[in-house]
Structure formats: structure tokens, C-alpha cells
Amino acid sequence: MHNPLRPALPLRLVDAPPAPSSTTPQAIIRVEDLSIVFDVPRGQVIAVDRVSLAVMPGEFVSLVGPSGCGKSTLLNAMAGLEQPFEGLVTVAGESMLGPRPDVGMVFQQPHLFPWKSVRRNIAHGPRALGKSKAEALRIADDLIEMIGLTKFANAYPHTLSGGMQQRVAIARALANQPRVLLMDEPFGALDAQTRAVMQDNLLELRGRINATIVFVTHDIDEAILLSDRVLIMSAGPGRILRDLSVGLPRPRSSAILTDPAYLALKRDCLDLIRSEGRKAFEQMETVA
Amino acid sequence: MSVGRRSRANAAGRLSVLVGVLSVPTFVGVWELIARSRIVNAVLFPPPSTVAVAVLDWIHSGQFFGDLSASLFRVTAGFLIGATGGIVLGVLTGEFRLVSSLLSPLFHILRPIPPIAFVPIVILWFGLSEAGKLFLVVWGVFFTVWLATHIGVQKVDRGLIRAALMLGTPRRQMLSEIVLLGALPYIVVGLRTAVSISFYTLVAAELAGAFAGIVYRIEIAQQNMQTGQVMGGLAALGLLSFVADRSFAAIAERAVWWR
Ligand SMILES: Nc1ncnc2c1ncn2[C@@H]1O[C@H](COP(=O)(O)OP(=O)(O)OP(=O)(O)O)[C@@H](O)[C@H]1O
Ligand SMILES: [Mg+2]
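Residues numbered from 1 in each chain as written. Chains lettered and ligands numbered in written order. Predicted model: local features only at pLDDT ≥ 70, side-chain atom pairs only at ≥ 80, totals over all residues. Heavy atoms only, no water.

You'll find chain B entered in an unreviewed UniProt entry as ABC transporter permease, with Bradyrhizobium cytisi given as the organism. Its UniProt record gives chain B the following Subcellular location (unreviewed entry) comment, quoted word for word: "Cell membrane". If you open the UniProt record of chain B and go to Sequence similarities (unreviewed entry), you find "Belongs to the binding-protein-dependent transport system permease family." (UniProt positions renumbered as here; feature names shortened; annotations may be inferred.)

Identification of chain A as ABC transporter ATP-binding protein from Bradyrhizobium cytisi is taken from an unreviewed UniProt entry. For chain A, the Function (unreviewed entry) comment in UniProt is given as "Involved in beta-(1-->2)glucan export. Transmembrane domains (TMD) form a pore in the inner membrane and the ATP-binding domain (NBD) is responsible for energy generation." Database annotation for chain A, UniProt heading Sequence similarities (unreviewed entry): "Belongs to the ABC transporter superfamily."

The structure is reproduced here in C-alpha cells:
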């Protein structure tokens, strides 16, 4: 809980008071008592353990937690790429039985089609959904302009830098105009400088699209900078420990990362993670 | 000093180019000298000049183009049929567990048997017909291309498949575009190996009995002790498969166009 010695100074990071629960009717994403289990050679692994959460339309929510805690698995369930062992995942009121074009995904690796130019990679989704070639290319060209890669429209992915490739991957996911955009450590493979630029790009981009975003990251700075809410997950089996809302004013940019108010905020957040981590560790010891 | 080193490197480069250009003529010259020196039996080991005369006769008699087109047809048709079958079945076994369980064990048993070992049974089944020769070439090409495609399909980046799924790619496009192009680099390697295999099997097919063809001509010449003609045939076969391999390499480079 909050450190009593450090009064809630500029603490705009608080337990989300009216945190939408999985029964909130207007929520666009609803996860109810979701468990996901994988069969492995030596039995089963519980990757996600009875998680419930809700995301409101237009919200930007980050999932943070240690490696292997089930962030990707939870995100994949929202994408329809993993099916629940128990529980329910709905987007816009409908169960995620498989991938759906109104839910887009950006992975840690860009996974661009190497045989397609930037333009055609972005046009892939609209084409797959039955749009005419001209229409699909028009959509692609608009997005290429938005991500600032007009000069590279006809380049093949392997000729682009990692950051440029990831921008194309984001544009490709946006081409189907998804209501929900899921991002799994999209900047995790980039160097610090490029990552900062990409974060600013994403903040700016977000002003222009009205997708709900769920964003997985290891990086607490990134989570606070980008999100309206940060969900902190425990080490495996994956559960959500805390649901924190970030009250920093928008528009934001990576410049706030050196702001003293922000630093205080981050310190509190890290304290929370540490104490929760210690608690989990002590629990493990008492069980053992 | 570095200039000196560079000019020495240049000199070495020029020398190796010169040696490269002279390599074949020197070999032919030495061969001519040895064959004419009567150290060896000139009937069994004719000089290149005799081989050249035999090849010219072959061309003038009009048989050469008949033989060439017969062999080319067998190799090309057999390659195309075998490669198409191999790619289609490779995609199916690579992508569908059930098809793989059905066919892969069978293919893995049949694949290691050298195609040449099928000559006797092919003669029983097809006699000396063209179909039997095609069968042998198709057989040899098919398994190589099938295996390469099967492996290629299984190695397609799962991330690409997931990305395509998230974008709403229909099942059919998934197979015909994402899986097929994802496996293409492997398939191309398989096809290139299959080019030389198609020539091996051509040799077996024509030796088994034919009425025209380059290898057939070599065999006839052997029976008539026309050693020059035999060597001319070998040279023609070597040249043909060399050209086929090089043209395929050039095509392959363009096939994976995004690299
Ligand atoms: N396909 C799978 N088969 C078996 N186990 C899996 C599979 N996918 C994930 N797991 C297991 O589930 C747990 C959660 O994995 P997940 O990839 O969701 O973690 P993560 O939080 O995304 O980790 P990271 O931050 O390293 O990406 C891990 O213990 C992992 O080993
Ligand atoms: Mg992950």
C-alpha cells in the first residue's frame, strides 16, 4: 500500500477508484475469471490464473510484470489467438473465438511479409477483408504518410531499420481500423533512442485514431508515459496484482520522463511492485 | 607500402584469371598429345580432334537434334510434373497433420530408394515407352521437391502466420500466399537439387532402352566401339546439365524476389 512516510505528494498514481470491473456494461474488453493452461511434456503450466479485467472504449491500458508472468498469453487471449481454459474473453460484447478484424495486434517483432513492399504490407489487411485493390492502396498510402515513411512506400521490409519496420507493423494493424489494438512489447526490441521516438509517435498517433489500446511492456516508464491505467501482474502463475490509474495530463511526451513529479510517481510505482513482489515471495516461502 | 601490397594482389588476381582461361585448353592439349603419342590405345582413348569430328558428324547426320530434343523433353516434362506434384503435396503434408500422417511415412520409405533401382520394374510396367522414362524422372524429382517443401512449410515463421491471421487473411490465401511464399526459399533449394537429379534419372531411363536421346546415342556408340562418339555424347550431356543448372540458379535468384 502507500508509504505513510511519503504523503500522496504529487501522487496522481492511485488505485483506480471506479476501476471498471468485468461486469461494467460499457466496457469494450471484458475478461472474466480467465485461466489459460498449457500442456507441456511434464504436465501443465498455468500461464494465466483467474484474471478479471475490463477496458473502457478509448482507454490506453498497460500490462506490466516480470518475464513469463503471462502477459503475452493474456493478450493473445484478447486477440483470439489463445482460447480460455476457463472463463471468458469478450470484445465489443462478443466472445473471442478466434482472430477478428476489429481486433488488431502488433507483436514484439514486426513480422512483416518479407515478399511485400511497405505499401502492400499495409494494404494486406484491407485486401484480405475484400476491399478493392485501389481502395486498399489508398488506405495504405494515408497510413504511410501518417507514419512518415512516404519515401519508403515501395521498399521491402529488410531494407528498413527495426524502428521503421515496427512503424509499418503498427500501420498494417491500423489499416483494418480495429476497435481494439493490442501491442505486445512493440518497442522491446528497439534501442533506447529509437524507443523514445516511437513512444512519442504512438502518443501522437493515438490522438488521431480512436482505438482502445492494450499495451504490454516490461518498462515501467513506458507504461506510465503512455497509459491511462497500468495493470501490474505477479510472477507466474499470472494474476493481476494492482490496477493503477495514471492521472498525468495529456498531451504527454517523453519529455515528462525527467519531470520531478513524474519521478516521484515512478518511485511509488516501483515501491508497489517491490512490496508486492516481496509479499508474493514470502507467500511462496510460507507455502513451502 | 599498402599500394605495393595492392598492386601485388592485383598481379596475383590477373595471374589467376590467366590460368583460369588457359585451364581447359591446356587440358585438351595435353590430352591430344598423350592420345597421339601412342602411350595409350587411341581406339579407347581418342584424341579431342577425333571427338570433335565425331560430334560434327553427329550434328550433320541430323541425329543430334533428335537426340537432344528427346532428352530435353524427358528432363523438362519430368521435372515440371515431379516438381509440381512435390510442391502441392509438400504444402499439404506440411500444413495438415492428417495428410502428413497418411503420406509422410510412405514417402519416407520410398524416398531413399535410388530411382535407378526402379528401372527393372518400370520396364515391366511401361516397356520401353516414353511414359516409363518420364516416370523415372518424375519419381526422382518428386521426392526431393516434396521433402524440401514439406520442411519449408513447417519452418514458415509462426509470427507471419499469426500476423496474417490477425489481419483476417482467409484460409485459402493463407496457403497460397503466406505458407507458399514463406516456404519458397526452401522450395527453391529443393528445385535446384532436383535439376541434377533429373539428369541422373534421365541417364538411367535412357540406358534402360530408348529409341533416341543423348545417353541412348552414347550407349549405341559404345556398342559400335565409337569411343569418340561416346566422349562427344558425354561432353554434350555435361554441357546440357551445366547450362540447366546455371539457368536454374539465375531463375532461383529472381524467384525469391524480395531478397
Ligand atoms: N505455447 C506455449 N506452450 C507452453 N507453455 C507456454 C506457451 N506459451 C507460454 N507458455 C508459458 O506460459 C507462461 C507465460 O508465458 P507468456 O509468454 O505469456 O509470458 P510473458 O509475460 O509474455 O513473458 P515475457 O515478458 O518474457 O514476454 C510461461 O511460463 C511460458 O513458459
Ligand atoms: Mg511476452
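**Q** Give me the interface of chain A and chain B: which residues, what numbers.
**A** Each side of the interface is counted separately: chain A has 26 residues, and chain B has 20 residues. Buried area between chain A and chain B, summed over both chains or domains, comes out near 1,900 Å², and the portion from carbon and sulfur atoms is 67%. On the chain A side of the interface with chain B, the three residues burying the most area are His111(A), Trp115(A) and His124(A), jointly 34% of the side's total. Run the count over chain A and chain B and you get 2 salt bridges. At the boundary of chain A and chain B, one finds 8 residue pairs in polar contact (both at pLDDT 80 or more). Per-class residue counts for the side of chain A that touches chain B are 15 nonpolar, 7 polar and 4 charged. (Contact = heavy atoms within 4.5 Å. Buried area = accessible area lost by both parts, 1.4 Å probe. Salt bridge = Lys/Arg side-chain N within 4 Å of Asp/Glu carboxyl O. Polar contact = N/O pair within 3.5 Å; in protein donor to acceptor, adjacent residues only side chain to side chain. Nonpolar A, V, L, I, M, F, W, Y, C, P; charged D, E, K, R; others polar.)

**Q** For the sheet that holds strand 6 (residues 94-95) of chain A, give the residues involved together with the corresponding values.
**A** Residues and elements named next belong to chain A. Taken in spatial order, the 4 strands line up as 3-2-5-6 in an open sheet, and their pairing is antiparallel. Only two strands of the sheet have a single neighbouring strand rather than two, namely strand 3 (43-55) and strand 6. With 2 bridges connecting them, strand 5 (residues 86-91) and strand 6 associate as antiparallel partners. Along strand 6, the bridge assignment pairs Val 91 with Glu 94. Across the sheet, helix 1 (residues 71-79) lies against strand 2 (29-40), strand 3 and strand 5, angled at about 120° from strand 2, the strand it touches most. (Pairing = 2+ DSSP bridges. Helix = DSSP H or I, 4+ residues; strand = E, 2+ residues; numbered from the N terminus. Axes fitted to C-alpha atoms, helices over the stretch in contact; angles between N-to-C directions.)

**Q** An account of the UniProt feature "domain: ABC transmembrane type-1" (unreviewed entry) in chain B is requested, with residue identities and associated values reported.
**A** Mapped onto the present numbering, the UniProt feature "domain: ABC transmembrane type-1" (unreviewed entry) falls at residues 68-252 of chain B. Taken end to end, residues 68-252 of chain B is 85% helix and 0% strand, and its first and last C-alpha atoms sit 24 Å apart.

**Q** Break down the UniProt feature "transmembrane region" (unreviewed entry) in chain B for me, citing the residues and quoting the values.
**A** All names here are of chain B. As annotated by UniProt and renumbered to match this structure, "transmembrane region" (unreviewed entry) occupies residues 12-34, 72-94, 106-128, 134-153, 174-191, 197-218 and 230-252. When the span residues 12-34 is considered, its composition is 100% helix and 0% strand, and the gap between its end C-alpha atoms is 31 Å. As annotated, residues 134-153 has a helix share of 100% and a strand share of 0%, and its two end C-alpha atoms lie 27 Å apart.

**Q** So, empty space enclosed by the protein: which residues are in play, and what are the values?
**A** Counted by the stated rule, this structure contains 2 cavities of 30 Å³ or more. As a volume, the largest cavity reaches approximately 60 Å³. Broken down by secondary-structure element, the contributors of at least two residues to the lining of the largest cavity are strand 7 (103-106) and helix 4 (162-174) of chain A together with helix 7 (158-166) of chain B. Ranked by residue count, the leading element in the lining of the largest cavity is helix 4 of chain A, at 3 residues. (1 Å grid on protein atoms, 1.4 Å probe; cavity = no way out; pocket = protein on both sides within 12 Å on 5 of 7 lines; lining within 4 Å. Points joined across faces, edges and corners; volume = space filled by probe spheres on them.)

**Q** Could you give me a rundown of helix 4 of chain A, with the residues and numbers involved?
**A** When the terminal C-alpha atoms of helix 4 of chain A are compared, their 18 Å separation across 13 residues agrees well with the 18 Å that a helix rising 1.5 Å per residue should span. With 12 of 13 residues buried, helix 4 of chain A is to be regarded as a mostly interior element. Among all positions of helix 4 of chain A, only Gly163(A), Met164(A), Gln165(A), Gln166(A), Arg167(A), Val168(A), Ala169(A), Ile170(A), Ala171(A), Arg172(A), Ala173(A) and Leu174(A) are buried. Turning to helix 4 of chain A, the residues buried within the fold contact strand 7, helix 2 (118-128), helix 3 (133-146), strand 8 (180-184) and helix 5 (192-206) of chain A together with helix 7 of chain B. (Expected span 1.5 Å × (residues − 1). Buried < 20%, exposed > 50% of the residue type's maximum accessible area, 1.4 Å probe, protein only.)

**Q** Would you mind going over helix 8 (residues 171-207) of chain B in detail, with residue names and values included?
**A** Residues and elements named next belong to chain B. Helix length check: helix 8, at 37 residues, gives a terminal C-alpha distance of 46 Å against a target of 54 Å (1.5 Å per residue), a shortfall beyond 12%. Along helix 8, the helix axis deviates most sharply at Leu 184, where the bend reaches about 55°; the proline Pro 185 sits within four residues downstream. One or two residues past the end of helix 8 sits Gly 209, with phi positive at roughly 125°. (Bend = angle between axes of the 7 residues up to and from the residue.)

**Q** Account for the site of ligand 1, with residues named and values stated.
**A** All names here are of chain A. Near ligand 1 the following residues occur: Phe 38, Val 40, Ala 47, Ser 67, Gly 68, Cys 69, Gly 70, Lys 71, Ser 72, Thr 73, Glu 185 and His 218. In the environment of ligand 1, an oxygen atom lies 2.7 Å from a nitrogen or oxygen atom belonging to the backbone of Gly 68. For ligand 1, an oxygen atom lies 3.3 Å from a polar atom in the side chain of Glu 185. Relative to its unbound accessible surface of 630 Å², ligand 1 loses 62% to contact with the protein. Mapped by element, the contributors of at least two residues to the shell around ligand 1 are strand 2 and helix 1. At 3 residues, the largest contribution of residues to the shell around ligand 1 is made by helix 1. Each residue belonging to the shell around ligand 1 can be placed in one class, and the counts come to 4 nonpolar, 6 polar and 2 charged. (Near = heavy atom within 4 Å. Areas by Shrake-Rupley, 256 points an atom, 1.4 Å probe, with all protein chains shown as cover.)

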